[in-house]
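Residue strings, one per chain:
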Amino acid sequence: MGMTARVLAVDAGNSKTDVAVVAADGTVLATARGGGFRPPVVGVEAAVDAVAAAVTRAFTASGMASSVDHVSACLANADFPVEEEQLAAALQARGWGTSVEVRNDTFAILRAGVTEPRGVAVVCGAGINCVGMRPDGRTARFPALGRISGDWGGGWGLAEEALWHAARAEDGRGGPTALARTLPAHFGLPTMLALIEALHLETVAPARRHELTPVLFATAADGDPVARAIVDRLADEVVTMATVALTRLGLLEEETPVLLGGGVLAAQHPQLNDGIRELLSVRAPKAVPRVVTASPVLGAALLGLDRVGAKAEVHDRVRAHFER
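All residue numbers refer to positions counted from 1 along the written sequence of the respective chain. Under the rules for a predicted model, residues below a pLDDT of 70 receive no local features and side-chain atom pairs below 80 are neither given nor counted, while totals for whole chains, interfaces and linings still include all residues. Values reported for side chains reflect all heavy atoms of the structure, with hydrogen atoms and water molecules removed beforehand.

(A) Up close: the overall build of the chain. Secondary structure elements are defined from DSSP: runs of H or I of at least 4 residues count as helices, runs of E of at least 2 residues count as strands, and each element is numbered from the N terminus. When helices and strands are tallied, the chain shows 13 helices and ten strands. Against the compact-globule benchmark of 20 Å for 324 residues, the chain has a radius of gyration of 21 Å, which places it among compact chains. Taken along its principal axes, the extent of the C-alpha atoms in the chain is 70 × 45 × 35 Å. Looking at the 324 residues of the chain, the share that counts as buried comes to 52%. Of the contacts made within the chain by residues no fewer than 6 positions apart, 66% connect residues no fewer than 24 positions apart. Think of it this way: Lys and Arg go in the positive column, Asp and Glu in the negative one, and His and the chain ends go nowhere. Every charge is mapped to an atom, namely NZ of Lys, CZ of Arg, CG of Asp or CD of Glu. Side-chain charges in the chain split into 30 positive and 36 negative, and the spacing between the mean points of these groups amounts to 3 Å. Only C-alpha atoms enter the radius of gyration, while the globule expectation follows 2.2 Å times N to the 0.38, with N the number of residues. Remark: exposure states derive from per-residue accessible area (1.4 Å probe, protein chains only) relative to the maximum for the residue type, with buried under 20%, exposed over 50%, and partly exposed in between. Residues are treated as being in contact if the distance between any of their heavy atoms lies within 4.5 Å.

Below, the structure written as structure tokens:
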């Protein structure tokens, strides 16, 4: 097939979109980056428009016709099968490929970190999610919609938890914690009361709450018991999700990779990542944890190559491009 464009890989998260055009022999013909993918905020068509801008740039840079054999899209907010079907239909309507498969974007991180589609990934960025897969197509996943689906953790959740403990420490409803000092200090404020007012009146933008997650980890690293307890709870949550996914897929008794991704886990805070490894050694002794640093669009590309039955050397060439 020469340099025919075989796969269009899309990894679209809340903050950015990465796409890649991959030839039949595994050559990455072009890549492009676009804005965030947020269908719950802007609607499906507007969200796909944001992806389309990046896809158009990638097709133009590749020098190929604007169509491929298969579109492999790993998308944020594709949390239920009905959402995957809706988004797949929207992508199919753009005419980018003969076939389209949509998965939750957590699958991209999982596939990027394994040499075959087998393993479990836990992603902790703004939120928290976990997926698992086997080569026979079986998967394990969670809705990952926040508290209504039983989730706890993620950078946003950690910041909220830290604020809760700090507020109660300052006004006497809770025990002491250095968070009551370190959280407001991050914004140049003297007290938690001042920070609470600033967040409430939005003189500190609500989106800036995520900045408090690194403050939480720094406070924990300095030995604050309350901050350390929050970090330990996150380690427990990560391991709980991974263990349930391994159990669902019948992989608990087999040596299986457990990939850790997303900004919070990729930062490799010693207390958190060491805690995850220690808990896994007890609850899932055959799990092999490691942090994924490869671009998730690699995972989307590999999933697409899996779908079209590409040979191992094709997979290897794509991986070499993104890991060089």
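We are not done yet, so read on.
(B) Quick look at the nonpolar core. Working definition of a nonpolar core: buried Ala, Val, Leu, Ile, Met, Phe, Trp, Tyr and Cys residues. They are joined through side-chain atoms within 4.5 Å. Membership of the largest hydrophobic core comes to 53 residues, with the highest contact counts inside it found for Leu-179, Leu-183, Leu-234, Leu-272 and Ile-276. With twelve residues, helix α9 (residues 225-248) is the largest single contributor of residues to this core.

(C) Spatial organisation of the packing of aromatic side chains. Two aromatic rings from Phe, Tyr or Trp, using only the six-membered ring of Trp, form a pair when their centres are within 6.5 Å; if the ring planes differ by under 30 degrees the pair is stacked, by over 60 it is edge-to-face, and anything between is tilted. Tallying each qualifying case throughout the model produces zero aromatic pairs. Any Lys NZ or Arg CZ that is within 6 Å of a ring centre and within 35 degrees of that ring's normal is treated as a charge sitting over the ring. For the cation-ring pair, Arg-103 lies above Phe-107, with the distance from its terminal atom to the ring centre recorded as 5.2 Å.

(D) Just the pattern of salt bridges, in detail. The working definition used for a salt bridge is a side-chain nitrogen of Lys or Arg within 4 Å of a carboxyl oxygen of Asp or Glu. Within this structure, the stated rule accounts for 17 salt bridges. The salt bridge partner of Glu-84 is Arg-141, with a shortest N-O separation of 2.7 Å. Here Glu-84 is found in helix α3 (residues 81-92), whereas its partner Arg-141 is found in strand β8 (residues 139-141), with 57 residues between them in sequence. Residue classification places Glu-84 among the buried positions, given a relative accessible area of 15%. Residue Arg-111 pairs with Asp-306 through a salt bridge whose shortest N-O separation is 2.8 Å. Of the two residues, Arg-111 is situated in helix α4 (residues 106-112) and Asp-306 in helix α12 (residues 296-308); the sequence distance between them amounts to 195 residues. Overall, Asp-306 belongs to the partly exposed group, its relative accessible area being 29%. Through salt bridges with shared partners, a single network forms among Lys-16, Asp-18 and Arg-33.

(E) A look at the sheet that holds strand β9 (residues 256-261). For two strands to count as paired, DSSP must find a minimum of two bridges between them. Read across the open sheet, the five strands follow the order β8-β7-β6-β9-β10; overall the sheet is mixed. If you trace the sheet from one side to the other, it starts and ends with β8 and β10 (287-291), each paired once. Each adjacent strand pair in this sheet contributes to an overall mean axis angle of 15°, direction not counted. In this sheet, strand β7 (residues 128-133) lies alongside strand β6 (residues 119-124) in antiparallel orientation, the contact comprising six bridges. The axes used here are C-alpha line fits, helices contributing only the stretch in contact, and every angle between their N-to-C directions lies in the interval 0 to 180 degrees.

(F) Here's a closer look at the packing of helix α5 (residues 154-171) against helix α7 (residues 192-201). It is at 9 Å that the axes of α5 and α7 come closest, and there the two elements cross at 130°. Comparing the axis directions of α5 and α7 gives the class oblique. In contact with Leu-163, Ala-166, Ala-167 and Glu-170 of α5, α7 contributes Met-192, Leu-193, Leu-195, Ile-196 and Leu-199. Asp, Glu, Lys and Arg are counted as charged, while Ala, Val, Leu, Ile, Met, Phe, Trp, Tyr, Cys and Pro are counted as nonpolar; the rest, among them Gly, fall into the polar class. The class makeup of the residues in the contact of α5 with α7 is eight nonpolar, no polar and one charged. Orientation is classified from the angle alone, with under 35 degrees giving roughly parallel, over 145 giving roughly antiparallel, 65 to 115 giving roughly perpendicular, and any other angle giving oblique.

(G) Up close: the packing of α5 against helix α6 (residues 179-186). Their axes nearest at 8 Å, the elements α5 and α6 cross at an angle of 115°. Considering how the two elements wind past one another, α5 and α6 form a crossing that is left-handed. Contacts from Ala-162, Leu-163, Ala-166, Ala-169 and Glu-170 in α5 reach Leu-179, Ala-180 and Leu-183 in α6. A clockwise turn of the near helix away from the far one marks a right-handed crossing, whereas an anticlockwise turn of less than a right angle marks a left-handed crossing.

(H) Fine view of the pairing of β9. Burial of β9 is extensive: six of the six residues sit out of reach of the surface. Side-chain alternation along β9 places Thr-256, Val-258 and Leu-260 on one buried face and Pro-257, Leu-259 and Gly-261 on a second face that is also buried. One ladder, built from four bridges, connects β6 with β9; its direction is parallel. Each bridged residue has a counterpart across the sheet, and for Ala-121 the counterpart in β9 is Leu-259. Pairing of β9 with β10 involves five bridges; the strand directions are parallel. Counted as the bridge partner of Leu-260 is Val-291 from β10.

(I) Structural detail: the pairing of strand β3 (residues 28-34). Of all seven residues making up β3, five are buried, and the element is well covered by its neighbours. As paired elements, strand β2 (residues 17-23) and β3 share six bridges and run antiparallel to each other. Looking at the pairing, Thr-17 lines up with Gly-34 of β3. In this antiparallel pair of consecutive strands, β2 and β3, the connection spans four residues, and Gly-26 shows a positive phi of 95°.

Remember that the coordinates give geometry; whether it matters functionally is a separate question.
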